[in-house]
Amino acid sequence: MLSIKNLHASIGGKEILKGINLEVKAGEVHAIMGPNGSGKSTLSAVLAGREDYEVTEGSITFNGKNLLELSPEDRAREGIFLAFQYPIEIPGVSNVNFLKTALNEIRAYKGLEPMEAKDFLARLKEKQKLVELDGKLANRSVNEGFSGGEKKRNEIFQMAMLDPCLAILDETDSGLDIDALRIVAGGVNKLKSKDNATIVITHYQRLLDYIVPDVVHVLFNGKIVKSGPKELALELEEKGYDFIKEEVGA
Amino acid sequence: MANEILEDQIGGEYKYGFVTDIEADNAPKGLNEDIIRFISKKKNEPEWMLEYRLKAFRYWLTLEEPHWAHVSYTKPNFQDIIYYSAPKPKVQLNSLDEVDPELLKTFEKLGISIEEQKRLSGVESRIAVDIVMDSVSVKTTFKETLSEKGIIFCSFGEAVQEHPELIKKYMGSVVPYTDNFYAALNSAVFTDGSFCYIPKGVRCPMELSTYFRINASGTGQFERTLIIADEGGYVSYLEGCTAPMRDENQLHAAVVEIVTHKNAEVKYSTVQNWYPGDKEGKGGIFNFVTKRGICLEDNSKISWTQVETGSAVTWKYPSVILKGDNSVGEFYSVAVTNNYQQADTGTKMMHLGKNTRSTIISKGISAGFSNNSYRGLVRIAKGASNARNFSQCDSLLMGDKCGAHTFPYIEIKDKSAVVEHEATTSKIGEDQLFYCKQRGIDNEKAIGLIVNGYCKEVLNKLPMEFAVEAQKLLAVSLEGSVG
């Protein structure tokens with residue numbers, strides 16, 4: 001589904017990603033871990049098409065398409081969803097209106113008619129339950145005045161509504177208490193299928209107790225320096241990132 | 001010389017798009033007492049009206065153009081303007097089929113389809129329309145239906161003929177010709193406009209609307225609107241304006257007066273879309289307008305709602321004098337400036353009566369190289385006990401070459417007053433846009449979404465028919481302004 005080859009990216013002339021290689025297949029969950037400043041958020045921003053970053057080398061193929069040639073909105077329409085680390089507030093725009101616009105834009109891209117109002121409402125209700133989102137939040141302005149936990153839950157709610165092919169969760173666990181974490185992870189797990197894939201970017205192992213990855217990658221200094229089964233996350237938690245630094249001789 | 005210009009005007013083919021190609025009956029360029037007599041004669045006015053005009057003109061001659069607004073432009077040459085231009089032949093149009101299709105098309109864009117109205121006749125939600133093109137009113141619809149209820153809705157010129165007692169009583173009672181430079185000019189040379197009178201205890205069953213269009217080249221538009229709601233009366237009034245694209249700057253200097261008697265209410269909504277000039281700032285309308293209402297008696301209410309997207313330069317402060325006790329004044333405004341547009345707009349709330357309340361919600365949006373200023377005055381007079389005002393002025397910036405300014409003035413002479421003022425300035429963030437894009441929404445749609453969200457409190461105040469169009473208009477006005 002996703003194939004990243006020798007990806008180099010920089011911002012303001014400073015190279016952050018220094019040759020990333022990553023293969024993600026349908027049905028898989030990949031975890032990307034790493035210390036602060038290792039390039040985790042840069043990787044998610046580059047995948048989503050944030051213009052501030054310049055890709056200097058390498059390629060990204062998504063479902064057979066050259067992702068780097070697509071605009072951010074077309075990437076979203078092709079099925080890439082980024083759950084933001086810091087979800088943005090849009091005052092005056094209701095969540096419902098926002099999602100209806102997004103959903104119908106994606107449908108239009110695929111040559112489909114806008115969704116019927118009653119189907120949309122049914123979907124809204126169903127997905128709200130999935131992340132135990134208060135019905136009132138759906139009618140409030142996008143993320144405006146939401147608590148940190150509500151914002152994160154809203155991201156997963158949006159993900160459920162838009163039904164992406166590849167979901168990238170950028171530090172979705174940060175700022176969540178244990179109950180919210182359980183709910184968010186539960187939502188992600190329920191959305192999992194053999195046709196979609198998830199990349200979980202996280203600092204801590206704790207989220208991976210709930211969303212169990214097939215592969216864990218360690219990102220360090222702009223490169224994936226180690227990959228392994230889910231146990232690798234536990235090892236990291238136990239030994240800290242220093243052991244990786246020693247291992248790669250940094 | 002004058003004849004040549006006249007011929008040129010009448011015989012010449014319009015070179016610019018979106019101009020209704022109608023022959024016009026013009027006055028020669030320039031302004032003097034003869035021109036005023038010419039206008040008055042053309043309109044077959046009684047002597048007292050001519051006298052009023054001449055007094056205003058003589059007063060105007062003693063005035064200087066105002067310079068305090070935060071705008072800069074080349075001062076219009078008042079001798080280079082045609083003050084009267086009437087579509088020719090000047091006959092009353094008898095059916096809608098005679099209205100120019102180009103006009104109808106523009107109408108539909110504004111969400112007021114007169115064709116639709118014809119089909120919907122008998123249905124409750126209707127709009128009665130007065131169309132003012134250049135200097136004269138060309139068509140007023142639904143006049144008969146309204147007159148059954150005693151409502152008078154006609155062109156200003158007609159009102160001077162048919163209801164001189166009302167005109168004499170109210171004209172200039174809210175905006176006297178001595179008020180300011182452009183009000184004096186308007187009082188001297190105004191050519192037409194709309195007149196509306198709601199009798200005692202009558203709720204106007206439909207929206208009343210005036211649609212203004214500047215069509216002829218080299219002309220100025222100086223219309224007057226006068227709305228009176230007698231005791232317990234209610235009316236919702238809509239105003240729309242457009243002008244063709246021209247390289248020259250054209251002057252629009254209107255006067256709007258509203259009077260509400262006891263327990264009466266007038267809602268006045270404007271979607272102003274005069275030609276704003278091109279991307280380089282060439283051409284466009286100078287919109288120098290005086291709009292004011294007076295809550296003359298107790299428990300009355302005047303509400304201004306405006307969506308301002310057009311004009312090269314705007315200078316406009318729809319205001320309310322709260323004279324009656326317990327009267328209410330409201331001002332809801334969205335002003336958008338893009339490219340090289342300049343807007344200095346806001347309101348004045350003058351509290352004279354007891355327990356008077358006013359609300360000001362102003363949303364400015366600046367893009368391109370434009371400048372957008374809010375200027376507002378809240379004055380609480382001595383004896384206006386328990387007066388309350390709430391003001392909220394928000395500015396939204398798009399890009400880093402535009403300006404937003406806020407000039408709030410507050411004068412309080414009564415200790416029991418409660419006045420609140422809130423102001424915010426924000427920028428459409430790259431972050432907001434990226435967030436939308438990441439959900440599959442493209443740049444233009446995202447801007448539309450964000451801007452409409454930002455203006456929601458004001459757009460909600462517009463009548464349904466206008467709200468949808470206003471939303472679209474906002475998106476169109478800001479097209480290509482970010483990214």
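This report concerns the structure included in the present document. (Residues numbered from 1 in each chain as written. Chains lettered and ligands numbered in written order. Predicted model: local features only at pLDDT ≥ 70, side-chain atom pairs only at ≥ 80, totals over all residues. Heavy atoms only, no water.)

## Looking at the side chain of E257 of chain B
Residue and element names in this part refer to chain B.
Right, on to step 1. Relative to the assigned elements, E257 resides in strand β11 (residues 255–260).
Right, on to step 2. Overall, E257 belongs to the buried group, its relative accessible area being 0%.
Right, on to step 3. Separated by 3.0 Å, the side chain of E257 and the backbone nitrogen of G172 make a polar contact.
Right, on to step 4. Within the structure, E257 has its side chain in polar contact with the backbone nitrogen of S173 (distance 3.3 Å).
Right, on to step 5. If we skip the residues at most four places from it in the chain, E257 touches Y170, M171, G172, S173, V174, V175, R224, T225, L226, I227 and R292. (Helix = DSSP H or I, 4+ residues; strand = E, 2+ residues; numbered from the N terminus. Buried < 20%, exposed > 50% of the residue type's maximum accessible area, 1.4 Å probe, protein only. Polar contact = N/O pair within 3.5 Å; in protein donor to acceptor, adjacent residues only side chain to side chain. Contact = heavy atoms within 4.5 Å.)

## A look at the pairing of strand β14 (residues 301–308) of chain B
Residues and elements named next belong to chain B.
Right, on to step 1. Within β14, seven of the eight residues are buried, leaving the element largely enclosed by the surrounding structure.
Right, on to step 2. Direction of pairing for strand β12 (residues 265–273) relative to β14: parallel, over a ladder of eight bridges. Looking across to β14, one finds that V271 is bridged to V307.
Right, on to step 3. With eight bridges joining them, β14 and strand β17 (residues 328–337) adopt parallel strand pairing. Residue S303 lies in a different strand from β17, and its bridge partner there is E330. (Pairing = 2+ DSSP bridges.)

## Remarks on unusual backbone geometry
Residues and elements named next belong to chain B.
Right, on to step 1. Here N299, not a glycine, exhibits a phi torsion of approximately 55°, which is positive.
Right, on to step 2. Within the fold, N299 resides in the loop between β13 (284–295) and β14.
Right, on to step 3. In this structure N299 comes out as partly exposed when scored by relative accessible area, which is 35%.

## A short note on the sheet that holds strand β9 (residues 166–170) of chain A
All names here are of chain A.
Right, on to step 1. Spatially, six strands are ordered β6-β9-β10-β3-β11-β12 in an open sheet, and the strand pairing comes out mixed. Taken across any chain shown, the strands that pair with only one partner, and hence form the sheet edges, are β6 (80–83) and β12 (223–228). Going from strand to strand, the sheet's axes swing by 20° on average, the running direction of each strand aside.
Right, on to step 2. Examined bridge by bridge, β6 and β9 share four bridges and lie parallel to one another. Paired with F81 across the bridge in β9 is A167.
Right, on to step 3. Contacts from helix α8 (residues 231–239) reach β3 (29–33), β11 (215–220) and β12, with the element oriented near 40° to β11. (Axes fitted to C-alpha atoms, helices over the stretch in contact; angles between N-to-C directions.)

Function cannot be read off these values alone, since they describe shape.
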